[in-house]
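Notes for the structure review
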Amino acid sequence: MSEKSQKKLSSRAREFLSFRQHPVKIIKYMARYLWLLLLSLAKYLIASHFDIKSWLEANWFDLVILLVIFGFALIRWITVYFELGEDRIITHTGFMGMTRTIVYFEDITSLSLCQGPISFLIRNCTVYIDTDADCVQSTDIRIDLTKSRSMEIYHLISQKAKAQPGFVFQSPKKQLFIFSLLFTSAISGTVVLLTILYQAYLITDKEFNRRIFNEVNSQIHIIENSSIWIYFLAAGLLIGLIWVMSFLSNLLRHWDFTCKRGRNYLRIRSGKGARRHHLLRKKYLNYLDFTQSFFMRMFNICSVEVSCTGYGKRWKEISALIPITTSKDAVQSAKLLAPEFSLCKPQVKTSKACMPGFIVPPALAAVIPILVSIVMQYFFPLRKQQIIFIGIMSSLPFIWLTVVKCEAAVTTSMGFEGDNVTLSYCRWYTFHKIALKREKITKVTIRRNPLARLFGTCTVVIYTTGEDSRKHLIGGVNYKITLKILKENGFSFIADKATDSE
Amino acid sequence: MTAPKSYRACRRAVFWFFVLAFGLEAGFKSILHAISGYVAQNILIITDMTFASLLILAVMVFPVYILVAKYEVSSSEVRLRKGIIILSHQYVPLSSVTSVTTVTTPLSVLTGFNFVVLNCPGSKSILPFVTRKHAREIADTVNEAIKHRLCVSGGESR
């Protein structure tokens, strides 16, 4: 083969590979339970003392299946590819690359480059491209590429997003530590679970001691209480370990968090080792959400999340714009990062008549388990201790909810100012302050039950543009004032002159 | 902007709902009768009573729902009034509606079981139990509004 044809061949091969996914995708395409087959083959090979001939004779059918599966994965890897145009990306995915998806760079709402720890080692990177085309929660394009290739796409799309000389938000390490601690899945749940386990251990231990004293000496060996603590300890350790792992992964995912403002995009980067890059198109940002738990509210700190199609919907991902900072800083930083959103003064707040509506339901829910436990004690006097414990533990979350709702009853509000809308409300245990544009509102509902009609109040439900049909519920606001404010801002609930069709 | 046109839920739907409810009750009773040899008598009685009471509740509540339901459609917005105990007033700006779905069931000219669904990114609004004629009329108005919006935005972008 001449040198020229060799060069031509190698350049063709390079071109072929540059538009294919990372070769690790071949393994990903292979059946998930293939490893079971491989294990059994390895087992036979070891059992036959590495006698390849007899091993081949005995397992030829398994090997053929293995080859067929690998062949299919290889064909799929070859047929699934992408093309890059000046203003668009075209992917050929699905069975034999039959599904062709064209996404214009102009229409991209968010682009995410994600790497896990294993992907980081093999230099693999998953590219997610989302648009507002799909209302359902699915990614428009998802391809696994090499890190360098995915960065090329990132830079190509973000060409217009050259960072403006200006504000860059960088989260301090200490604050990120607190953020990860707060957002690690159910810290309070883990504490409650560990408490329950410990209490259950104490009760069971006492119960066994009582039984030992009651049983005759010859039957003591049946009870086996000596090892009961091991099970509780193991369960506790397991829960603790899972929590620590979740906390660490959360911390590493948001380490070195920076958010840079570009002309058209917001560039978000985070992660230690395995870094994540996100590009959010500014015109497709739906709203900013200033989120606080009760404790965060007490210490005047808050986290700002952003709603943008595709961002924060992956597993264990939080759509953070500002992970955590003081409330004052959060408002100022959000103003610099996304100046198109601004918070406005509340025009209507929860009326005093509606305060019981916030507090009574969780308070009732807290009382019910205690009442049930009192009744149960009457029927099962021997199990008094266990019943009291279960009753108190079950009512604790509702008591806490009552405390949270007391605060929510005085902070729920709604305000319009020009094109900006601010909604403050509390959903379960979390306080939200939403800053959005009026044009992002897709539906407004006013709900009134007989009691609300009596007190002249209502509940306003505001639906906004987004992937999920998330609703913002402003409860217990004055009906007449709300109608007036909504009418002034283009949401007139009373028609001027309606012609009846019947 | 055209003046809003008001639509009410189809009253015929109440009659056909009653017919459907009686049919369901009869069907459920015959199923219970068929399995009576295999299931304990008290379980059968409890199941029958629960189903019957739910059906009676539905029969009592449905006419109220139909009486309350009212829809106002104009070229720029849709207003809905629905509910039984909790009354809900909805306002949907047509600028946010991306598509409209009309669901017509077999014999819907007779029964009035037609539904119009307004699809917006992030929310959905259903106009239930309208006559077939009204369903088409509403869908046409909404489609016209969408078409007009697209023409305007297309012109602006050009």
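Residues numbered from 1 in each chain as written. Chains lettered and ligands numbered in written order. Predicted model: local features only at pLDDT ≥ 70, side-chain atom pairs only at ≥ 80, totals over all residues.

**Observations regarding the overall build of chain B**
- When you go through chain B residue by residue, the secondary structure sums to 4 helices and 7 strands.
- Start at the N end of chain B and walk to the C end: the helices and strands fall as β-α-α-β-β-β-β-α-β-β-α.
- By the compact-globule yardstick of 15 Å for 158 residues, chain B is too spread out, its C-alpha radius of gyration being 21 Å.
- For chain B, the share of sequence-separated contacts (at least 6 apart) that also reach a separation of at least 24 residues comes to 53%. (Helix = DSSP H or I, 4+ residues; strand = E, 2+ residues; numbered from the N terminus. Rg over C-alpha atoms; globule rule 2.2 N^0.38 Å. Contact = placed C-beta atoms within 7 Å.)

**Remarks on the interface of chain B and chain A**
- Taken residue by residue, the interface counts 23 residues in chain B and 25 residues in chain A.
- Top element by residues in the side of chain B that touches chain A is strand 4 (residues 87-93) of chain B. It accounts for 6 residues.
- Of the residues that constitute the side of chain B that touches chain A, the class distribution is 10 nonpolar, 9 polar and 4 charged.
- Where strand 18 (residues 441-448) of chain A lies against strand 4 of chain B, 5 bridges are found, and the strand directions are antiparallel. Residue pairing for strand 4 of chain B: A:Val444 is matched across the bridge by B:Tyr91. (Nonpolar A, V, L, I, M, F, W, Y, C, P; charged D, E, K, R; others polar. Pairing = 2+ DSSP bridges.)

**Points about the confidence of the model for chain B**
- Mean pLDDT over chain B: 89, with 96% of residues reaching 70 or higher.
- Our summary of model confidence lists the complex with pTM equal to 0.81 and ipTM equal to 0.87. (pLDDT = per-residue confidence, 0-100.)

**As for the nonpolar core**
- Ranked by size, the top nonpolar core spans 93 residues in total, and within it A:Leu280, A:Leu288, A:Leu321, A:Ala334 and B:Val130 carry the most contacts.
- Apart from residues no more than four positions distant in its own chain, A:Leu280 is found in contact with A:Ser110, A:Tyr265, A:Leu266, A:Ile268, A:Leu285, A:Val306, A:Cys308 and A:Tyr311. (Core = buried A, V, L, I, M, F, W, Y, C linked by C-beta atoms within 7 Å. Buried ≥ 20, exposed ≤ 12 C-beta atoms within 10 Å, placed from the backbone.)

**So, the packing of helix 13 (residues 355-379) of chain A against helix 14 (residues 384-411) of chain A**
All names here are of chain A.
- In contact at an axis separation of 8 Å, helix 13 and helix 14 are set at 175° when each is read in the N-to-C sense. One way to sum up the angle between helix 13 and helix 14 is to call them roughly antiparallel.
- Along the lines of polarity and charge, the residues of the contact of helix 13 with helix 14 split into 20 nonpolar, 6 polar and 2 charged. (Axes fitted to C-alpha atoms, helices over the stretch in contact; angles between N-to-C directions. Parallel < 35°, antiparallel > 145°, perpendicular 65-115°, else oblique.)

**Describing the pairing of strand 19 (residues 457-464) of chain A**
Residues and elements named next belong to chain A.
- Across the 8 residues of strand 19, 7 count as buried, placing the element largely inside the fold.
- The pairing of strand 18 with strand 19 spans 6 bridges and is classified as antiparallel. Counterpart to Ile446 in the pairing with strand 19 is Val460.
- Here 6 bridges tie strand 19 to strand 20 (residues 471-478), and the two strands are oriented antiparallel to one another. Paired with Ile462 across the bridge in strand 20 is His472.

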